[in-house]
Protein chains: 4
Amino acid sequence: MRLALIGAGRIGKVHAQAIDAHPDARLVAVADYHIAAAEALAQQFGARVIDAEAAFEDAEVDAILIASSTPTHADYLERAARSGKAVLCEKPIALDLARTGEALQVLEAHPVTCALGFNRRHDPQFASLKRAVVEGRIGELETLTIISRDPAPPPAEYVAASGGLFRDMMIHDFDMARWLLDEPITHVQATGSCLIDPAIGEAGDVDTAMVTLTTASGRLCHINNSRRACYGYDQRIEAFGSAGMLEAQNETATRLRFTGEGGQVEEKPHWFFLERYAAAYAREIDDFVTAWKEQRSPLTDATDGLEALRLAEAAVRSLEEGRRIALADIH
Amino acid sequence: MRLALIGAGRIGKVHAQAIDAHPDARLVAVADYHIAAAEALAQQFGARVIDAEAAFEDAEVDAILIASSTPTHADYLERAARSGKAVLCEKPIALDLARTGEALQVLEAHPVTCALGFNRRHDPQFASLKRAVVEGRIGELETLTIISRDPAPPPAEYVAASGGLFRDMMIHDFDMARWLLDEPITHVQATGSCLIDPAIGEAGDVDTAMVTLTTASGRLCHINNSRRACYGYDQRIEAFGSAGMLEAQNETATRLRFTGEGGQVEEKPHWFFLERYAAAYAREIDDFVTAWKEQRSPLTDATDGLEALRLAEAAVRSLEEGRRIALADIH
Amino acid sequence: MRLALIGAGRIGKVHAQAIDAHPDARLVAVADYHIAAAEALAQQFGARVIDAEAAFEDAEVDAILIASSTPTHADYLERAARSGKAVLCEKPIALDLARTGEALQVLEAHPVTCALGFNRRHDPQFASLKRAVVEGRIGELETLTIISRDPAPPPAEYVAASGGLFRDMMIHDFDMARWLLDEPITHVQATGSCLIDPAIGEAGDVDTAMVTLTTASGRLCHINNSRRACYGYDQRIEAFGSAGMLEAQNETATRLRFTGEGGQVEEKPHWFFLERYAAAYAREIDDFVTAWKEQRSPLTDATDGLEALRLAEAAVRSLEEGRRIALADIH
Amino acid sequence: MRLALIGAGRIGKVHAQAIDAHPDARLVAVADYHIAAAEALAQQFGARVIDAEAAFEDAEVDAILIASSTPTHADYLERAARSGKAVLCEKPIALDLARTGEALQVLEAHPVTCALGFNRRHDPQFASLKRAVVEGRIGELETLTIISRDPAPPPAEYVAASGGLFRDMMIHDFDMARWLLDEPITHVQATGSCLIDPAIGEAGDVDTAMVTLTTASGRLCHINNSRRACYGYDQRIEAFGSAGMLEAQNETATRLRFTGEGGQVEEKPHWFFLERYAAAYAREIDDFVTAWKEQRSPLTDATDGLEALRLAEAAVRSLEEGRRIALADIH
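Each chain has its residues counted from 1, following the order in which its sequence is written. Chain letters start at A and ligand numbers start at 1, both assigned in the order the entries are written. Given that this is a predicted model, residues contribute local features only at a pLDDT of at least 70 and side-chain atom pairs are listed and counted only at 80 or more, while totals for whole chains, interfaces and linings are drawn from all residues.

(A) Quick peek at the overall build of chain A. Along the backbone of chain A there are 13 helices and 15 strands. Atoms considered for the radius of gyration are the C-alpha atoms alone. The globule rule reads 2.2 Å times the number of residues to the power 0.38. A compact globule built from 331 residues would reach a C-alpha radius of gyration of about 20 Å, and chain A, at 20 Å, matches this within 12%. Overall, chain A is about 55 × 55 × 45 Å in size when its C-alpha atoms are taken along their principal axes. The contact criterion used is a C-beta to C-beta distance within 7 Å, with each C-beta placed from the backbone. A sequence separation of at least 24 residues applies to 70% of the contacts in chain A between residues at least 6 apart. Each helix is a run of DSSP H or I of at least 4 residues and each strand a run of E of at least 2, with the numbering of both proceeding from the N terminus.

Set out below in structure tokens:
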């Protein structure tokens with residue numbers, strides 16, 4: 001698969017690396033409105049610089065990887081579909097349901113291999129947990145707990161443009177919840193506070209939040225988010241069921257342990273997503289390439305993006321109204 | 001301290017043992033409407049059998065330990081207060097706020113050393129966690145997570161008489177939350193399902209529940225209850241703050257680990273409260289005896305019983321109405 | 001069982017406590033050449049002070065617990081046997097094989113219930129490990145590793161009188177090795193250094209040692225001793241076999257974990273034997289009382305004392321001669 | 001760095017992969033007496049097939065990676081040195097000291113960048129442990145424990161040709177011991193048994209062994225080897241010192257934990273060296289390339305190969321003679 005990458009920023013670089021390491025994928029072109037960034041990345045991986053617009057028309061390009069800024073995602077996604085290019089789009093498609101829905105309609109009219117960048121589904125540990133749940137290791141799944149904390153809060157101005165904690169950060173957890181609960185979510189309850197950075201509160205957002213989801217059969221899911229964990233990226237999942245419990249624990253660089261007068265000390269968790277999800281990004285590219293070759297759906301697709309956004313919208317409304325929101329009321 | 005024990009059932013035996021092991025406490029009398037039970041326990045610890053009514057008038061008795069059935073608690077508590085006896089009362093005082101409030105008024109009019117049986121505050125691990133939070137080890141406390149699962153559900157008929165999951169089981173977690181959050185709780189949100197035993201649902205209760213509490217300053221607390229964990233008694237607490245996280249993990253009988261073809265296997269957690277909280281019961285008696293001698297308040301008192309019950313009432317209402325309940329509305 | 005305790009020092013107190021807590025044992029008399037110590041302990045547990053000599057003739061005494069200084073052990077043991085009293089003797093019987101052998105002959109001529117104070121066999125975790133090995137959990141046992149480190153070195157003058165590291169400290173590990181290897185040990189190799197306190201070296205002893213034992217069928221056992229571990233009492237055992245491995249890990253007061261900028265921190269191990277082996281001392285008394293009542297052998301007896309001492313003698317000789325010593329050559 | 005790889009077997013493939021992934025290294029040629037193997041590997045990485053002899057004369061080749069069978073190592077090493085090529089040689093240089101010594105003399109006469117394949121020094125966890133020791137985290141290092149067990153024994157015929165457990169398997173641990181003890185080793189004591197495969201014993205070797213090393217200042221080191229661990233590749237190191245202890249623990253593919261009726265289960269360790277030391281092989285290439293560019297010594301060199309072999313020879317002799325061997329007597 002010959003890929004053009006649109007967006008040469010931090011996440012673009014991660015994808016470029018993963019593409020380069022994949023035996024069946026090749027980065028052939030890089031686009032960025034910031035030309036120097038595109039040039040640097042193109043040179044590093046032996047690709048050419050391309051104009052974003054041109055990428056969709058380029059016969060040497062099989063697939064587009066959209067890693068540009070959020071407001072451009074939906075347009076690029078539609079263009080890729082209309083050009084018949086496979087597309088891997090960073091989440092979110094858009095920050096509102098209407099725009100996201102339009103993009104889905106274009107995809108429906110112009111079906112292409114389309115993957116959405118919910119990278120965590122590709123994490124080996126979470127994938128093991130999912131497999132064990134599916135295989136019945138814990139019997140009937142009853143409750144799910146997702147803890148997801150960033151090492152440090154973003155600048156308040158980022159927060160404002162990002163759509164807020166539920167749409168920008170917890171969206172990953174909503175997707176994990178959907179994937180693991182494996183049945184329709186019916187209700188959403190949200191609580192949130194601004195405890196870390198008052199500027200986030202002034203921007204109308206929360207930095208600490210707890211959400212409870214209920215599914216059709218009564219499964220319960222707790223999601224726990226914080227914008228700041230001084231010890232690094234806290235990414236844990238607990239799946240509890242009739243026959244046992246599975247816990248995805250935080251990973252560390254090594255398993256070295258020191259024991260001294262102060263206690264028994266192991267390393268703190270990985271600092272952030274680049275370290276924690278390095279393997280997930282590689283597997284995400286592999287799933288995308290393989291899905292394209294086998295003409296099957298990738299592990300996540302545009303619909304997953306829409307549905308996660310619906311949960312975020314429900315959470316926002318629940319927080320505002322102080323009540324349980326039926327997902328059926330979110331369109 | 002010379003104690004009379006009212007109630008020679010399972011929890012009464014635990015207390016009798018703890019009293020016997022305490023250097024400054026002595027079990028002098030045992031009462032139970034089931035005489036044979038009282039006799040057996042009295043004989044084991046060199047105490048005499050007494051009529052419950054007589055215990056309050058007995059000059060040889062300094063303190064009453066109420067471990068009889070729930071409907072008798074409030075009456076016995078009031079009688080102890082009126083007789084000027086110190087009293088350690090198993091939770092709950094009563095299953096409704098009105099009756100509980102009356103008992104508190106009697107206690108106010110007749111002040112005696114009064115401890116309430118929220119044994120978990122006396123658990124060495126939770127006590128360590130509390131101390132570390134107070135000492136600022138995690139900076140500002142921001143979120144609290146309490147997981148509390150019983151090994152097996154009680155019979156549905158017990159559930160009906162018990163006041164339901166929130167008043168009977170989660171009441172312990174509400175007390176832990178109050179103790180650790182250390183500031184007024186303002187709002188309660190509850191979700192629950194019946195996933196384990198349909199008879200519990202038919203009795204109008206849930207067996208799986210998640211509750212979110214909010215405090216005056218915006219701290220958030222998640223409580224996670226299940227009536228059945230096949231691996232035993234799951235009792236964990238996570239306190240997360242600006243400078244770190246404390247986790248009270250499940251305890252096991254030994255630290256023996258087996259590594260074989262199936263993986264690395266450690267013991268499952270203690271099966272139930274007798275094993276898990278053995279040390280807590282001993283420390284509870286010690287705190288009670290010491291408080292009585294020093295004329296100070298025990299670690300938990302009747303007010304804690306009332307306040308935990310208010311949270312349970314709020315949770316019940318939240319579950320019914322599907323909305324966040326302001327604690328100020330619960331009287 | 002009515003016990004007289006000879007020796008009211010640190011270990012005597014531990015035993016007095018364990019006797020007091022046992023439902024079928026009673027401390028009736030305490031002897032100590034330091035009268036005040038005997039009086040204090042006697043008073044604490046409602047016993048009378050007795051002259052050591054008188055204890056053996058006292059018809060109210062069923063059993064003698066010898067917790068006096070090492071040079072008195074063999075004499076008292078013989079007197080107990082000759083008086084027909086059950087006896088629990090702290091290790092070692094004597095510091096040389098000849099004196100130990102004599103005592104054994106007296107015991108053979110005057111058989112009484114005789115237990116030797118190798119308390120670690122009674123530790124719940126090591127007992128679980130033993131049981132798992134016997135039940136075949138690890139298949140054929142092939143290697144055994146015993147790590148045993150004290151928190152701090154004793155004064156050099158103690159070391160001199162104690163018989164040295166192999167006879168005084170590693171003797172416990174030799175007993176564990178014998179118990180777990182469960183077949184004749186044939187060879188001993190020892191290495192040692194003085195790395196902690198030069199005064200120990202000047203007294204002719206080592207403070208750091210490694211010993212390798214070989215059994216008749218070729219099983220290998222490594223024993224690792226240090227007189228000082230800044231983090232506390234390091235007591236671990238690994239049993240490795242054809243079907244897996246068992247590890248007895250260090251125990252801690254609680255399972256509380258802190259995660260912060262410096263890593264994930266759990267408590268250090270218990271500080272010393274009083275904390276680490278509290279349960280073992282209680283179970284040791286229980287085994288002694290039960291063996292006496294059932295007229296069976298206790299878990300450890302005088303022969304175990306002799307055999308452990310033979311291993312210590314072999315280790316001393318191996319260290320001196322720099323070669324593997326056949327145990328058959330040690331008499 | 002343009003590399004020619006001699007040997008396209010299992011370990012050759014590992015190196016080819018690591019070279020390919022390194023930004024400054026390129027695999028340009030592959031040689032193997034089994035032509036098809038060379039062709040397959042060459043094609044996979046875009047290299048050409050070359051005759052081993054020709055590689056040394058090829059001006060397009062900067063460095064030789066010797067991954068052929070052991071008997072060819074010394075010759076190829078000398079040829080690389082004489083041709084002025086950098087060389088990374090798999091261990092051992094040869095199975096006897098004399099031949100190894102000759103190769104070292106050639107290297108001395110023809111100095112080139114020469115690295116020896118003691119891959120474990122490059123393992124991130126062991127490297128962290130080494131760094132912590134050097135930085136004084138545990139104060140003065142006093143004892144070292146190295147556990148190293150393979151998942152399954154090799155065929156007895158391999159064992160015969162390999163030089164036996166000490167020269168073939170424990171040689172890695174001797175190198176780790178030298179690296180971590182960081183001062184001259186003076187004495188070696190070895191014990192061993194044949195417990196796993198009688199054919200190994202018939203071939204004159206042991207499959208289970210314990211060795212004790214002593215250093216000039218009295219540090220002690222225990223090495224523990226088994227040819228079979230049913231749970232996988234057991235690779236642990238404990239460094240104990242005056243201020244604490246460092247433990248390199250086994251690593252697992254993920255940190256997923258299952259808790260059920262049978263206990264709390266984590267994954268077993270990685271199965272074998274390809275998984276366990278994947279990162280180490282990458283770092284080994286990086287160290288080699290960087291050493292060559294910077295004209296400095298690699299982390300391990302030919303002298304390390306000789307010295308590890310001397311320890312193996314001493315262990316063989318100690319096992320035969322049943323006594324401590326002074327390393328000074330091994331030439």
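On we go from here.
(B) Up close: the domain arrangement of chain A. Residues and elements named next belong to chain A. Entries for chain A in the domain assignment read domain 1 (2-112) and domain 2 (121-329). One C-alpha centre belongs to domain 1, the other to domain 2, and the line joining them spans 25 Å. If you look at the interface, domain 1 gives 21 residues, while domain 2 gives 18 residues. Those elements that place two or more of their residues in the side of domain 1 that touches domain 2 are α1 (10-21), β5 (86-89) and α5 (97-109). As used throughout, domain bounds are those supplied by an automatic or database domain assignment.

(C) Local environment of the environment of Ile223 of chain A. All names here are of chain A. Within the secondary structure, Ile223 is located in strand β10 (residues 220-226). Residues with at least 20 neighbouring C-beta atoms inside 10 Å of their own are called buried, those with 12 or fewer are called exposed, and the rest are partly exposed, where every C-beta is derived from the backbone. For Ile223, a count of 26 C-beta atoms within 10 Å puts it in the buried group. Taking C-alpha positions, Ile223 is 18 Å from Gln125, a pair spaced 98 residues apart along the chain. Among all residues touching Ile223, those that are not within four sequence positions of it are Ile146, Met170, Asp173, Ala177, Met210 and Val211.

(D) Structural detail: helix α12 (residues 278-294) of chain A. Working rule for helices: expected span equals 1.5 Å times residues minus one. Counted at 1.5 Å a residue, the expected span for α12 of chain A with its 17 residues is 24 Å, and the 25 Å between its end C-alpha atoms agrees. Positive phi appears at Gln295 of chain A, one or two residues downstream of α12 of chain A, with a value of about 55°.

(E) Structural view of the interface of chain A and chain B. Taken together, the contact between chain A and chain B spans 27 residues of the former and 27 residues of the latter. Contributions of two or more residues to the side of chain A that touches chain B are made by β7 (141-149), β8 (185-193), β9 (208-215), β10 and β12 (244-248) of chain A. Taken together, the residues of the side of chain A that touches chain B break down into 9 nonpolar, 15 polar and 3 charged. Residues were grouped as follows: Ala, Val, Leu, Ile, Met, Phe, Trp, Tyr, Cys and Pro as nonpolar; Asp, Glu, Lys and Arg as charged; and all remaining residues, including Gly, as polar.

(F) Up close: the sheet that holds strand β6 (residues 114-116) of chain A. Residue and element names in this part refer to chain A. Reading across the sheet, the 6 strands line up as β3-β2-β1-β4-β5-β6 and stay open at both edges, with parallel pairing between neighbours. What marks the edges here is a single partner per strand, and that holds for β3 (48-49) and β6. At least two bridges found by DSSP between two strands are what make those strands a pair. Note that β5 and β6 share 3 bridges and pair parallel. The residue of β6 that forms the bridge with Cys89 is Leu116.

(G) Focus on the relation of the copies chain A and chain B. Least-squares fitting of one copy onto the other uses the C-alpha atoms of those residues that reach a pLDDT of at least 70 in both copies. Placing chain A over chain B gives an RMSD of 0.0 Å and needs a rotation angle of 180°, together with 0.0 Å of translation along the axis. One copy is carried onto the other by what is essentially a two-fold rotation axis. Residue Arg323 of chain A, judged by its C-alpha, is the member of chain A lying nearest the rotation axis, at 1.9 Å. Both copies present the same face, since 100% of the interface residues in chain A are matched by interface residues at the equivalent positions in chain B.

(H) Local environment of unusual backbone geometry. Of note, the amide linkage connecting Lys91 of chain B to Pro92 of chain B takes the cis form, showing an omega dihedral of -5°. With respect to the helices and strands, Pro92 of chain B occurs in the loop between β5 (86-89) and α5 (97-109). Unusually for a residue other than glycine, Asp182 of chain C sits at a positive phi of about 60°. Along the chain, Asp182 of chain C turns up in the loop between α9 (170-181) and β8 (185-193).

(I) Looking closely at the environment of Leu246 of chain A. Residue position: Leu246 of chain A is located in strand β12. Taking the C-beta count within 10 Å as the criterion, Leu246 of chain A has 25 such neighbours and is therefore assigned buried. In contact with Leu246 of chain A, other than residues within four places in its own chain, are Leu129, Ala132, Val133, Arg137, Ile138 and Ala239 of chain A together with Leu256 and Phe258 of chain D.

(J) Expanded view of the relation of the copies chain C and chain D. With an RMSD of 0.0 Å, the operation that places chain C on chain D is a rotation of 180° combined with a shift of 0.0 Å along the axis. With an isologous cut-off of 70% or more, the 100% of interface residues of chain C that recur at the interface of chain D puts this contact in the isologous class.

(K) Broad picture of the sheet that holds strand β6 (residues 114-116) of chain D. Residue and element names in this part refer to chain D. Strand order across the open sheet formed by 6 strands is β3-β2-β1-β4-β5-β6, with parallel pairing between neighbours. Both outer strands of the open sheet, β3 (48-49) and β6, are each paired with one neighbouring strand and no more. Where strand β4 (residues 63-66) meets strand β5 (residues 86-89), 4 bridges bridge the pair, whose relative direction is parallel. Looking at β5, one finds that Ile64 is bridged to Val87.

(L) Summary view of helix α6 (residues 124-134) of chain B. Of the residues making up α6 of chain B, those classed as buried are Gln125, Phe126, Leu129, Lys130 and Val133 of chain B. One side of α6 of chain B carries all its buried residues, which in axial view fall inside an arc of 140°. Residues of α6 of chain B that are exposed and point over 90 degrees away from its buried face: Arg131 and Val134 of chain B. On its buried side, α6 of chain B packs onto β7 (141-149), α9 (170-181), β11 (234-241) and β12 (244-248) of chain B together with β13 (256-260) of chain C. At the C-terminal side of α6 of chain B, Gly136 of chain B shows a positive phi close to 85°. To be clear, the arc concerns the directions from the helix axis to the C-beta atoms.

(M) Local environment of the packing of helix α9 (residues 170-181) of chain D against helix α13 (residues 302-321) of chain D. Residue and element names in this part refer to chain D. Inter-axis angles, ranging from 0 to 180 degrees, are taken between N-to-C directions of lines fitted to C-alpha atoms, where helices are fitted over the stretch in contact. For the pair α9 and α13, interaxial distance at closest approach is 9 Å and the crossing angle is 115°. Between α9 and α13, the crossing angle belongs to the class labelled roughly perpendicular. For α9 against α13, the interelement crossing comes out right-handed. Residues Met170, Ile171, Phe174, Asp175 and Arg178 of α9 form the contact with α13, whose participating residues are Asp304, Glu307, Ala308, Leu309, Leu311, Ala312 and Ala315. Class assignment of the residues belonging to the contact of α9 with α13 gives a composition of 8 nonpolar, no polar and 4 charged. If an angle is under 35 degrees, it is roughly parallel; if it is over 145, roughly antiparallel; if it lies from 65 to 115, roughly perpendicular; otherwise it is oblique. Throughout, a crossing is termed right-handed when the near helix is turned clockwise from the far one, and left-handed when it is turned anticlockwise from it by less than a right angle.

(N) View of the interface of chain C and chain D. In this complex, chain C contributes 27 residues to the contact, which on the side of chain D involves 27 residues. Elements supplying a minimum of two residues to the side of chain C that touches chain D: β7 (141-149), β8, β9 (208-215), β10 (220-226) and β12 (244-248) of chain C. Looking at side-chain class alone, the side of chain C that touches chain D contains 9 nonpolar, 15 polar and 3 charged residues.

(O) Expanded view of the pairing of strand β13 (residues 256-260) of chain A. Pairing between β13 of chain A and strand β12 (residues 244-248) of chain D: 4 bridges, direction antiparallel. When the sheet's bridge partners are listed, Phe258 of chain A is paired in β12 of chain D with Leu246 of chain D. The pairing of β13 of chain A with strand β14 (residues 263-266) of chain A spans 4 bridges and is antiparallel. Counterpart to Thr259 of chain A in the pairing with β14 of chain A is Gln264 of chain A. Hairpin remark: β13 of chain A followed by β14 of chain A, antiparallel, with 2 residues in the connecting loop.

(P) Layout of the pairing of β12 of chain C. All names here are of chain C. Counted residue by residue, β12 has 4 buried out of 5 residues, so it is predominantly covered. Where strand β11 (residues 234-241) lies against β12, 5 bridges are found, and the strand directions are antiparallel. Bridge pairing links Ile237 to Ala248 in β12. Between the antiparallel neighbours β11 and β12 lie 2 residues.

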